[in-house]
Every structure is written in structure tokens, then in C-alpha cells.
Amino acid sequence: MAFPDGFLWGGAVAANQWEGGWQEGGRGPALTDVTTGGTVDTPRMITYIDKDGNHCAAPSHGFKLPEGAKYAVLPEYHYPNHDAVDGYHHYKEDIALFGEMGFKQFRMSISWSRLFPTGLEKEPNAEGVAFYKDMFKEMHKNGIEPLVTIWHFDTPMYLEEHCGGWNNRETIDHYVRFASACFNEFKGLVHHWLTFNEINNPIQFIDMNPHATDEDFANAYQLLHYQFVASAKAVQIGHAIDQDNKIGCMICGITWYPATCDPADILACRHAQEKNIFYCGDVQVFGEYGTYATRLWNDHDVDLDITDQDLVDLSLGTVDFYTFSYYMSQLVTTHKVTDMVSGNFSAGARNEYLKYSDWGWATDATGLQYYLETAYDRYQVPLMVVENGLGAYDTVEEDGSIHDPFRIDYYREHIEAMQRAIDNGVDLWGYTTWGCIDVVSAGTGEMRKRYGFIYVDMDDEGKGSMARSRKDSFFWYKKVIASNGEDLA
């Protein structure tokens, strides 16, 4: 076992799941601020007041605000992202703990509405800029390089409600202004950037919905096109502002397998990879749509709003490196399935060769090796695994200790898989686990679904002291980093 010198070990969080402080420092609301908690069996809800003044809630996946309605925080619901785990006030403590573990890199995101409360402002909010500057300086004090995601599911609510969000071409300009402010304000403090988190999610979400219409698919493909153009423009601007900037894409990485050797399943698997994985990666790395894109559009009568200038921007704004999240693999079949599982916003047939978590997530370290080798062979640019982790229940013992050998086993298997991929020629820059500290689950809004090396005293109802404590995995990962991946015992 020998990872490359300078390998970027670390961990990852998102502002809306870690930061909290939703009404502090001049921050405006985002859609996550009207998203309730949920469970593995009950969906998270978006809350709003309808045109008649009634308090309403609807499942967050595929939600469309009814005509005449307004997003609203309602007193009868709990909104876990409001406080999250209070990174807004605990960031120095948290970063010190990351430094103690030996992190080389910390992946985090900037809350768009903390810099631009409505998204329409011409200049960024000074309090928000100061907050992030101090955070980046704190990272450097602890020997940690920031990896910053510019957009991580938190478009300002005003743009969503009044401007159509990402289905409006004008949102490209608002995002470009936001990204430009990030590059300018944090020049010299940040050199590694990601433009959009899990940019392929709109297609994956629609693909999961058996009732999705051609209009739903058309809206998803159009939204993605505007995000591709926004990303490409941001890449060009980021390079112009600071030639030391390296800017990457971020894909929700799922390894797809055919469930049988039926040729129909083999072809269905290839088409699933093209739609769910390659479609977004190809545009952002190659600067143009893949040849199969026409088939995907024709399947749903998609007629994109796409200009000649868009095509120029896509070709000029290709990313420097490719990153992805990886939690599980998934089966594809054309045959009838009776045993279904789901996890990380995905669903499919159960793989009898794999074990599943309490949230329906398949543990498949070999799938990570497969994905790394496939992605590097296809794109030939450096890769980073920027999310990988196991959501699980933790038990605090009477003496305050937290024993999580299951989490250590999970990470060990995946680190070994990365090493095999490196041995097979993959240029892998870094690895940031999700989440290095317990955060609010994006999928369920729970705290009981814990990922971190650091335990946060907070429950699903928002009760707790927010005190931080080290799990057994904290000390194990510290050892892994110190040995550059050699000591996994």
C-alpha cells in the first residue's frame, strides 16, 4: 500500500447540512430552509402557504410550487437545516479537530444566499465574505487546503420562487456573478474549486420516478444545460482571475451492473450509464454533448434552448479534474423485480452478492475501483473521490466513548479499492470522506444517520448540546493519514 506523495486526505461537508446560522450574518433563505426532517420511511417535505392561505407540505423530490403559493417556514414543522450542527459557530473547533486528524484537504461549500441573500444583489454580503475568509484562514493555520463547492443544492429561495430557479436562463448570470465573487474575494485562499455538486442528480431523480412525463424530462435536461453553461463560464472566469485555480466537476457516482447476462440487460446497463453518469461528465470534461445525447433527447421529445454561444462556452470551459461521490452500486434489468432496495436517492434490484445498510445502501468497494478505472480510462484527467461514507447508528457508551468498527471496516475496504485502482494506472489526487463530522442527512433530514469521525450531540428533533466528541474511527483515520494509507489495521 503506497498512495502518491502529496495525496489529499480529508473529509467533506455541505453548508446546508453543517453550517446552520440560517438567519445570521445577513444570510437569506434557501430551499433547504423550508425542507422538513424525515426518516428512512417518510419523505422530507417542502412547506408553503397556498393561494388561499392554507399551510401545506409536499414531498421534496420533484416538488413544484403551486401557482399563487409562497414558500414558508411553518410553526408545526421541524427544519433541521436551520441549525444543522452549528458549524457557523463551531467552525474553529471543528477545523482544529480536522487538523488533529491530519487532514490535508477539507471539502466544504459556500452558501449562495450567505453571499447574495436573494441572488439578485450586485455586490456580495460583507459579513458572509468575512465569515468564509476567516474559515479559510483557520484551515491554513491547521495545514488544510480548502476544496470549495460553489453550488451544493442551495440556490437562494428568491430565485427559486420569483425567477424560476434553474429553469430560467437568467439564473446563469446570477450564478456567474456569485462564482466570480467567490474567485475574487477568496483569491489566494482557495485554489481547488467544484462548480456544481452532483450535477447529474436531476436526471437520476427523474429516472427513478415511474410517473415522470416527457415534460419532466425536458425540464430536467433544460435545467442541466443551463447549469453546464454556468459551470463552463465559471471555469473560464476562475482561470482568468487566478491561473493557479484548478476547477473540477462533481458527479453523483453510481456503478451500474447488468442484473443478468441477458443481452437486453447488458444494453440497458450501458444506456443507464450514459444517461445517469456519462451525460454530465462528457459535457464538462470534453466540452460537448456525447453522440448518444440525441437518443436521450428523442426519447422524451426534448427540444433544448441551446445557442451557438452556449456551444462555444462549453468548449472553452472544460474542467481541470473530475470528482465524484461514491456510496453504492446498482443493478439494471429489463426483467420483473420483486426485491427492491434504495439509497442515496436511487432505487433498484437487490444485489445478492452485497450487504446493505439500514438505509438500503449497498456496500460495494469493488464498485469504487470499477468506477475509478472506468472514469479515468474515459476522461484521462485527474480524479478525486470527494464523498464516500457509511450512514449508520452510533451508540454513546457510559464513559462517552463511541465504538464504530463497522465504519472503519467500510473505509478500509474502500481505501484498499482506491489503492488497487492507483496500481492499475489511475491518477487519483485525493479522498474526502462524507461527512467527516456528523451532519444533517440530505436524504432523510435525520441526525441518527451518522457518518462522521466526530460525534455531534444532536438528535432528530434538534435537541442536544452540539458538543463534539471523537469516535474510534477518528483515531483510526488519523493513523491512516499519518501513514499515507499504508497502515489500515
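Higher on the page you've got the structure.
Rules used in this analysis
Residues numbered from 1 in each chain as written. Predicted model: local features only at pLDDT ≥ 70, side-chain atom pairs only at ≥ 80, totals over all residues. Heavy atoms only, no water. Helix = DSSP H or I, 4+ residues; strand = E, 2+ residues; numbered from the N terminus. Buried < 20%, exposed > 50% of the residue type's maximum accessible area, 1.4 Å probe, protein only. Contact = heavy atoms within 4.5 Å. Expected span 1.5 Å × (residues − 1). Pairing = 2+ DSSP bridges. Axes fitted to C-alpha atoms, helices over the stretch in contact; angles between N-to-C directions. Right-handed = clockwise from strand over helix to strand, strands pointing away. Arc of directions from axis to C-beta. Salt bridge = Lys/Arg side-chain N within 4 Å of Asp/Glu carboxyl O. Phe/Tyr/Trp six-rings, centres within 6.5 Å; stacked < 30°, edge-to-face > 60°. Lys NZ or Arg CZ within 6 Å of the ring centre and 35° of its normal. Core = buried A, V, L, I, M, F, W, Y, C linked by side-chain atoms within 4.5 Å.

**Q** What is the right way to look at the side chain of Thr149 in this model?
**A** The topology assignment puts Thr149 in strand S6 (residues 145-151). Accessibility expressed as a relative area gives 0% for Thr149, which makes it buried. Beyond its immediate stretch of four places on either side in the chain, Thr149 contacts Arg107, Met108, Ser109, Ile110, Leu194, Phe196 and Asn197.

**Q** Any chance you could explain the environment of Val176 here in plain terms?
**A** Looking at where Val176 falls in the secondary structure, it is placed in helix H6 (residues 170-185). In sequence terms Val176 and Ile237 are 61 residues apart; their C-alpha atoms lie 8.5 Å from each other. What Val176 contacts, discounting residues up to four positions off in sequence, is Ala230, Lys233 and Ile237.

**Q** Sorry, what's going on with helix H4 (residues 126-141) here?
**A** Residues spaced three or four apart along an α-helix face the same direction, because each turn holds 3.6 residues. Between its first and last C-alpha, H4 extends 23 Å over 16 residues, near the 22 Å set by a 1.5 Å rise per residue. Listed as buried for H4 are Gly128, Val129, Phe131, Tyr132, Met135, Phe136, Glu138 and Met139. Buried residues belonging to H4 abut helix H1 (15-18), helix H2 (87-101), strand S5 (105-109), helix H3 (112-115), S6 and H6. In the stretch just after H4, Gly143 is the one whose phi turns positive, near 75 degrees.

**Q** So what exactly am I meant to see when it comes to the side chain of Asn201 here?
**A** Relative to the elements of secondary structure, Asn201 occurs in helix H7 (residues 201-208). For Asn201, a relative accessible area of 4% puts it in the buried group. Residues within four places of Asn201 in sequence aside, it is in contact with Phe153 and Cys252.

**Q** Explain the sheet that holds strand S1 (residues 8-12) to me, please; I cannot follow it from the model alone.
**A** Two modes of strand pairing occur in sheets, parallel and antiparallel, and in both the strands are linked by backbone hydrogen bonds. Sheet architecture is closed into a barrel: 8 strands sit in the order S1-S5-S6-S7-S8-S9-S14-S15, paired in parallel fashion. With strand direction ignored, the average angle separating the axes of adjacent strands in the sheet is 30 degrees.

**Q** When you look at the pairing of strand S15 (residues 428-434) in this model, what are you seeing that I'm missing?
**A** In regular strands, side chains alternate between the two faces of the sheet. Burial analysis of S15 places 6 of its 7 residues in the buried class, which makes it a mostly covered element. Direction of pairing for S1 relative to S15: parallel, over a ladder of 5 bridges. In the sheet register, Trp9 faces S15, and the bridge partner there is Tyr431. Sheet analysis places strand S14 (residues 383-387) next to S15, joined by 3 bridges and oriented parallel. Each residue of the ladder has a partner; that of Met384, found in S15, is Gly430. A crossover connection joins S14 to the parallel S15 through helix H13 (residues 405-423); in handedness this β-α-β unit is right-handed.

**Q** Looking at this structure, how should I read helix H11 (residues 308-316)?
**A** Every buried residue of H11 is listed here: Asp310, Asp313 and Leu314. Angularly, the buried residues of H11 cover 100 degrees about the axis, an arc narrow enough to put them on a single face. Away from its buried face, by an angle of more than 90 degrees, H11 presents the exposed residues Asp308 and Leu316. The secondary structure elements touched by the buried residues of H11 are helix H8 (214-241) and helix H9 (263-286).

**Q** How do you make sense of the pattern of salt bridges when you look at a structure like this?
**A** Should their charged atoms come close, side chains of opposite charge can pair. Scanning the entire structure with this criterion turns up 25 salt bridges. Here Arg27 and Asp33 are joined by a salt bridge, their closest N and O atoms 2.8 Å apart. Here Asp33 falls in the buried class, since its relative accessible area comes to 1%. Of the charged contacts, one joins Asp94 and Arg468 as a salt bridge, the two residues approaching to 2.8 Å between their closest N and O atoms. With Asp94 in helix H2 and Arg468 in strand S17 (residues 468-470), this residue pair connects regions lying 374 residues apart in the sequence. Side by side, Asp94 and Arg468 carry an identical accessibility label, which is buried. A network of salt bridges, in which partner residues are shared, links Asp394, Asp404, Arg407, Asp438, Arg450 and Lys471.

**Q** Teacher, can you tell me more about the packing of aromatic side chains here?
**A** Aromatic rings considered in pairs are described by the distance between their centres and by the relative angle of their planes. On inspection of all chains with the given rule, the structure shows 42 aromatic pairs. Members of the aromatic cluster, joined through ring pairs, are Phe3, Phe7, Trp9, Trp18, Phe98, Phe103, Phe106, Tyr410, Tyr411, Tyr431, Phe453 and Tyr477. Just above the ring of Phe131 sits the side chain of Arg114; from NZ or CZ to the centre is 5.4 Å. For the cation-ring pair, Arg350 lies above Tyr356, with the distance from its terminal atom to the ring centre recorded as 4.8 Å.

**Q** Would you explain the nonpolar core in this entry?
**A** Counting 138 residues, the largest nonpolar core has Tyr175, Tyr279 and Tyr322 as its most contacted members. Considering each element in turn, this core owes the most residues, 13 residues, to H8. Apart from the residues lying within four places of it in its own chain, the contact partners of Tyr175 are Trp112, Ile150, Trp151, Trp166, Thr195, Phe196, Ala230, Ser231 and Ala234.

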